[in-house]
Amino acid sequence: MPWYKTQMMRAKIPPKFGLAVFGLLLVCGMITSVATTNIYMGEFVIEGNSTLNVTIEDLNGLNITYNGAIIGTIVDAVLVAECRTIGDQTTCNCGDNFVWSNEVCENYTQCCNQIQCVANVSNYTPLCLPQINIQLSGFVYPPKITSDVLKTNLNKTFWNLNGFSGLDVASSANFQANFSAQFKTAVLGNLILNLSQALNTSIRVEVIGLVTIQIPEHKVEYSSQQILSCAVEEDMSTCDWWLSNQNGNMQLGIGSQVAFGPSCVNNMTLTLKNTTGLWAGYYTCNFTSGVVSHIGSAELDVALLPDVLIMQSYPQSLDCSEESGAAVTVQCTIQNSTENYNVSMSMDDNSETVNQDGVGHFNYSALVELTCNNFMNPVVKVACTFTNSINQKRTQSIVIPVIKAGDIVCEAENPWPKTKAGFNATASCPSGRVGNIFRTCTSNGNWKAELNLCVTEQLNKLSSDVENFNKGFGATPEVAQRIFSSLKNVTEFTDNATAGDVQASISVLNGMQIASSSIQLDEQMMPDFLDSASNLLSLPSWSVSDTSFETQLSANYLGAVEGLVKNIKLNDTSDYNSTNIQLQVCRNNTSCAKMVFDVDIMLNTQSQNMAKVVGMKDLAKRLSNNFQDTMTPSIVVSATVENNTQNKTNISMNFPLNVTDYQAYSMYCVFWKTDMGQWSEVGCTQKFAPGNISICECDHLTSFSVLMSKYPISLAFLDELTYVGLGVSICSLLLFLFIEWLVWNAVVKSNLSHFRHTALVNIAICLLLADCSFLGSAYPKKLSGPWCLIFVIAKHFFFLAMFFWMLCLSMMLFHQLIFVFHHLRKKVFVVISLIVGYLCPAITVGATYVYYNRTSGSYYSPDTCWLRYEGSLKGSIYAFLFPVGTITIVNMFSMAVVIVTLLRPKVSEGNADQKETLKSIMKVIVFLTPVFGGTWVLGFFMFSSDNPNSLSSKLVTYAFTIVNSLQGFFILLTGCLGEKRVRDEVLKLVVSVKPAKSESKRNLTSSITKKQ
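Described below are features of the structure shown in this document.

Reading the values: the criteria
- Residues numbered from 1 in each chain as written.
- Predicted model: local features only at pLDDT ≥ 70, side-chain atom pairs only at ≥ 80, totals over all residues.
- Heavy atoms only, no water.
- Helix = DSSP H or I, 4+ residues; strand = E, 2+ residues; numbered from the N terminus.
- Buried < 20%, exposed > 50% of the residue type's maximum accessible area, 1.4 Å probe, protein only.
- Expected span 1.5 Å × (residues − 1).
- Bend = angle between axes of the 7 residues up to and from the residue.
- Pairing = 2+ DSSP bridges.
- Axes fitted to C-alpha atoms, helices over the stretch in contact; angles between N-to-C directions.
- Left-handed = near helix turned anticlockwise from the far one by under 90°.
- Contact = heavy atoms within 4.5 Å.
- Nonpolar A, V, L, I, M, F, W, Y, C, P; charged D, E, K, R; others polar.
- Parallel < 35°, antiparallel > 145°, perpendicular 65-115°, else oblique.
- Phe/Tyr/Trp six-rings, centres within 6.5 Å; stacked < 30°, edge-to-face > 60°.

Quick look at the environment of tyrosine 958
- Along the chain, the position of tyrosine 958 falls in helix α16 (residues 951-965).
- On the accessibility criterion, tyrosine 958 (23% relative accessible area) is partly exposed.
- It is 9.4 Å that separates the C-alpha atoms of tyrosine 958 and threonine 722, two residues lying 236 residues apart in sequence.

Topic: helix α12 (residues 826-854)
- Here α12 spans 41 Å end to end across 29 residues, near enough to the 42 Å set by a 1.5 Å rise per residue.
- Leucine 839 marks the point of greatest bend in α12, at about 30 degrees, and the proline proline 841 comes within the next four residues.
- Every buried residue of α12 is listed here: Phe829, Ser833, Val836, Gly837, Pro841, Val845, Thr848 and Tyr852.

Points about the environment of phenylalanine 655
- Tracing the chain through its elements places phenylalanine 655 in strand β45 (residues 649-656).
- Residue phenylalanine 655 is classed as buried on the basis of its relative accessible area, which comes to 0%.
- In the structure, phenylalanine 655 is positioned 34 residues away from alanine 689 in sequence and 9.8 Å away in space, judged by C-alpha atoms.

Some thoughts on the sheet that holds strand β36 (residues 451-452)
- The three strands lie next to each other as β33-β35-β36, forming an open sheet whose pairing is antiparallel. The sheet terminates laterally at β33 (424-428) and β36, the two strands that pair on one side only.
- Where strand β35 (residues 436-440) meets β36, two bridges bridge the pair, whose relative direction is antiparallel. Among the inter-strand pairings, isoleucine 437 is bridged to a residue of β36, identified as asparagine 452.

Let's talk about the packing of helix α6 (residues 499-515) against helix α8 (residues 547-567)
- Close contact between α6 and α8 brings their axes to 8 Å; oriented N to C, the two are set at 30 degrees. Every pair of crossing elements has a handedness; the one defined by α6 and α8 is left-handed. Facing Ala499, Val502, Gln503, Ile506, Leu509, Asn510, Met512 and Gln513 of α6, the residues of α8 in contact are Phe549, Leu553, Asn556, Tyr557, Gly559, Ala560, Gly563, Leu564 and Asn567.
- Class assignment for the residues of the contact of α6 with α8 results in ten nonpolar, seven polar and no charged.

Observations concerning the packing of helix α2 (residues 147-158) against helix α3 (residues 185-199)
- Running from amino to carboxyl end, α2 crosses α3 at an angle of 150 degrees, the nearest separation of the two axes being 10 Å. Classified by the interaxial angle, the pair formed by α2 and α3 is roughly antiparallel. At the point where α2 passes α3, the crossing takes the right-handed sense. Packed against α2, whose contacting residues are Leu150, Asn153, Leu154, Thr157 and Phe158, the element α3 presents Leu188, Leu191, Ile192, Leu195 and Leu199 at the interface.

Points about the packing of aromatic side chains
- Using the criterion set out here, one finds 24 aromatic pairs in the structure.
- Plain terms: the ring middles of phenylalanine 799 and phenylalanine 880 are 6.4 Å apart, the flat faces sit at 75 degrees to each other, and that makes the pair edge-to-face. With phenylalanine 799 in helix α11 (residues 785-818) and phenylalanine 880 in helix α13 (residues 878-902), this residue pair connects regions lying 81 residues apart in the sequence.
- Note on tyrosine 851 and tyrosine 852: the rings are 5.0 Å apart at their centroids and 85 degrees apart in plane angle, and the pair reads as edge-to-face.
- Linked through ring pairs, Phe158, Trp159, Phe164, Phe175, Phe179 and Phe183 together constitute an aromatic cluster.

These figures capture arrangement, not role.
Right, dumping it as structure tokens:
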């Protein structure tokens, strides 16, 4: 009979028994009325000594009236308590299976836990309560006292609680106590705290018997929604749910399949959105206040279906290419289950006989036979169906390819079986791993490379734990910490890691990233998380033949890391550095300036919330690249701001580049567009800065990188202009040297002319060898390292020698004009010129090579076979630019002095031959200095341009290419054709050759005539 209404009712029986003794009788009976049956509590007073003759049964049948109307009849009375008053003394005692109420115990402690109470307590309602079974389990930490001392103190403490009926102290660390009456949580909590202080230890208790838990008593359907609830009479501080089953004993948290009700004071609800085998087991609800917890437990029985069903066929194909009949064994495998399944297999609606075996798992197998002659389908589809105890079904199918005569196949290669084109073959994993190894047979009958998706058992267990964690099983910060710690451990050993290990590890990170949106993860998890993520980037097993597989893994990895960095809450951590990942944090500032892996980052927002910046190495090259013919020379930078509600956010990143002539390449500032799985330039701009720096500026936050074209910018006809110009230059230089050989004796009449032509010849020889070295290194990718180095040294030396000989020529002119009466001897000039022209560049080149060879830098770039430019005043290129720039300035100064000197009258009236020579030298200096100096100035401007694709940069590039490649032609023009004396001698030689030929012809004709 349900107890849904309780009342205290007093009924007085007429005084027909006498007045000598007064007694109080409380009865609890069932009183029936017309419409309902209720439980009432009534008090009856019997006067006189006839009390002893009254029995409980005498009350049955009495009518209960209220305001003159009969409201019910007592049908089943039970004695609750009895009080007897004799004179001034009252003695009360509870009936069988009843105990004193808490109000009586609190006000009359001498009565508590006693059968009889000598006190007038009859006015308390209720006076006695039904006995209930309450179990209290206690835990002592640390156990500093003996079990006997603990037992003595517990007895003294619990004797003050109502209904204390027994104590069992198993050890100094735990105990159990039994109570038959309900007590107040606050009273028990204060007693336990006082006892803990007295014993100088910590004690907590769990109480069973005061919580009402409601769970379906029948077996519930698989994949149904179930609502569980718990309630306790008192208000408590916290509450939680626990589930114990074959997966362990875990606290439940918010997840994809778990939700909690809004209240957690004295009642709580748990909603299971999709009841699968994971949610079958014993549920425990726990209300806690201080050191006291109230617990209720019950079992949820689920009609199970397989959560994981694996189907395989042996062999993997039906081979009808040679025989008229074929057969395979199809196997369905599930984990061990308590459900008694009815299993069936079918092929084309025909049922097959199913056999069962297996240890640790259940294997169901059936033999499928096929008559090849009458079978035309290219595949066979076999279905495996599991039916549970309430007739729910789950079906899984496998497609088995049929190999017919003439089909394209991949022949068997141990352990790979003969496989039809377009299908995959599978192989088992080695011991200690789970999963499969896959290999695809292409449409033309060739095997692809293996895809090893085998996973270590430890990592597979961790993946399963994360999957359950995401659903809500064990979804707590403590379990999250263990997951990250385990992932760090399993990713540290990379010797035999497979693509499956990488995939499983990333799935763990991705699962935790999804869970982090509903479960708070704190900064204690950050080190293990970043170390795990860093370890993954070091694994070589990312690279597989299936590029789509690798790019998808990389995209999942980036999303997981970016999400976890954003969601993990940080309090004190400012930065964290690992091998492949660096994290920097800014607090309470609208601007944030940080550096990760040499990338300078400036973040500006309108809020002062925490900003996090993380850099990831070796990831950009693995992401899908939708920018054609580009590569990723730098890292991926991800930036986020917590609780950022402001739309305006700007970020600037300075990416260092590892190429010398970086401005010859196209650069793109990009961010990762997650929804499309590709890079995008929207909202980002790129420009260059001195020092091989690519500046990337964006107006939003996400993950960024820089893409660089694989090949230098190709301007129209630039290569053609270079090679044509070099060809003209080399031919001009050869012609110049030949002319100098022809006219040397005729034009070299004085020391001054000797000095001039000696310098010009050496300049021409050096430029000729430098141009030939330039042509030899025109295709750096085709050169080996030693040859590239030889050409770099040759170009460095001969170009410098050319400029140093220019310096000799300039200084000789300066000396002759300034020190008129101190003539320079030919021998002295030759010695000084050889030292300056060849020894100085040799020392410069040698010192530069030795310096960079013994430091961490590099003397040359193998990509260009030329000196390196690494930034402002950085790189071996300055071992060329400094001497060239200095010589150009000196030449300009010398030229200015020459011009001023030549304009003076006393010089212009001097020797005519000397004057003509000086004018020729001045022409050479005026022509050569701008040519040689100006070309490299143009080159410097080209390298320092912020936008190599701009019109001005292109014009400078064309000008540099044309002028620089025609240097030999300018020498021929100014050194020979521009000098009258050389022109005259050449003309004289040409004219003298023609008459000689005519005279010889006449003599020959005359001789022939005479003979005739």
